[in-house]
Amino acid sequence: MKLLKIPYEKPQDVFSLYEPKPEIIELSDGVESPYDLIIEASKNELFSDVVTFLAHGLPVREAVWWAANCASSRSDWNENEQNAIRAAKAWVHTPDETSRRFAEEMVKLAGLESGAGWAAQAAFWSGGSMIEASAPVVAPPPYIYAQAVAGCVNLTAVLLDGSHAIERYKSYLDIGLNIASGGNGKS
C-alpha cells in the first residue's frame, strides 16, 4: 500500500532522518515500503519504534495532527494539558507564528510529563525560532518536531500504568496510517 502523505519509497529513506533502533532496522531487510515495515514491526510489537518511524515519515503538519488526535483520544487530562492539545490542533489549522508561540506558552503550563504537553511542543518545534521572539533566531534542528510527536504518542499510549498500552498503540497507529493515507485521522 502506498501512503500518500509519506514521500519516501523505502524504509531506509525514513531511517536517514533519525537514528532507528537495531530491531526495526533488522525488520526492514526485504521490506519494500514504509507501510510494509509499519505492519511488520507492529506485528512484532515494536510499537515505540513504529511510532518514531511514522513520526519522521509524515510531513510536519500531518505529524502534529497525528499527535494531537492521539492525545485528544484520552479524557483524563487536566485543563492545562487539554489546552496544550488544543494549541497543537490550532497550529495545524493555522500554522503561523502566533499559533506556534501560543503552543509554546501551553507547553510551559502543561509541562512535558505527559503526551499532551509534547503535542504542543511538536507544534512549537515545527519551525521558527526555539528561543524567545525578541532574541536572534535559533532554528530547531531538522525533524526535532518528529521526536516530540513520538514522545506525545508514546507517552499517551503508556501512561499512567501501561495497562492499556497495546490497545492504545494499535488505535494510535490506525490514526497515523489513516493520516498517512490522506485521511483526517478518523476512521
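Since the model is a prediction, treat every value here as computed from it, not as a measurement.

Chemist: Just give me the short version of the packing of aromatic side chains, but keep the residues and values in it.
Modeler: Counting across every chain of the model gives five aromatic pairs. Ring geometry for Phe15 against Tyr18: centres 6.3 Å apart, planes inclined by 70°, an arrangement best described as edge-to-face. Both residues of the pair, Phe15 and Tyr18, count as buried. Measuring from ring centre to ring centre gives 5.6 Å for Phe15 and Phe53, while their planes differ by 70°; the resulting arrangement is edge-to-face. Taken together, the residues span a long stretch of sequence, with Phe15 in helix α1 (residues 11-15) and Phe53 in helix α4 (residues 47-57) at a distance of 38 residues.

Chemist: Can you break down the environment of Gly176 residue by residue, with the values?
Modeler: With respect to the secondary-structure elements, Gly176 resides in helix α10 (residues 165-180). In contact with Gly176, not counting residues within four places along its chain, are Leu54 and Trp66.

Thresholds applied
- Residues numbered from 1 in each chain as written.
- Predicted model: local features only at pLDDT ≥ 70, side-chain atom pairs only at ≥ 80, totals over all residues.
- Heavy atoms only, no water.
- Phe/Tyr/Trp six-rings, centres within 6.5 Å; stacked < 30°, edge-to-face > 60°.
- Buried < 20%, exposed > 50% of the residue type's maximum accessible area, 1.4 Å probe, protein only.
- Helix = DSSP H or I, 4+ residues; strand = E, 2+ residues; numbered from the N terminus.
- Contact = heavy atoms within 4.5 Å.

Spatial relationships are all this shows, so hold off on functional conclusions.
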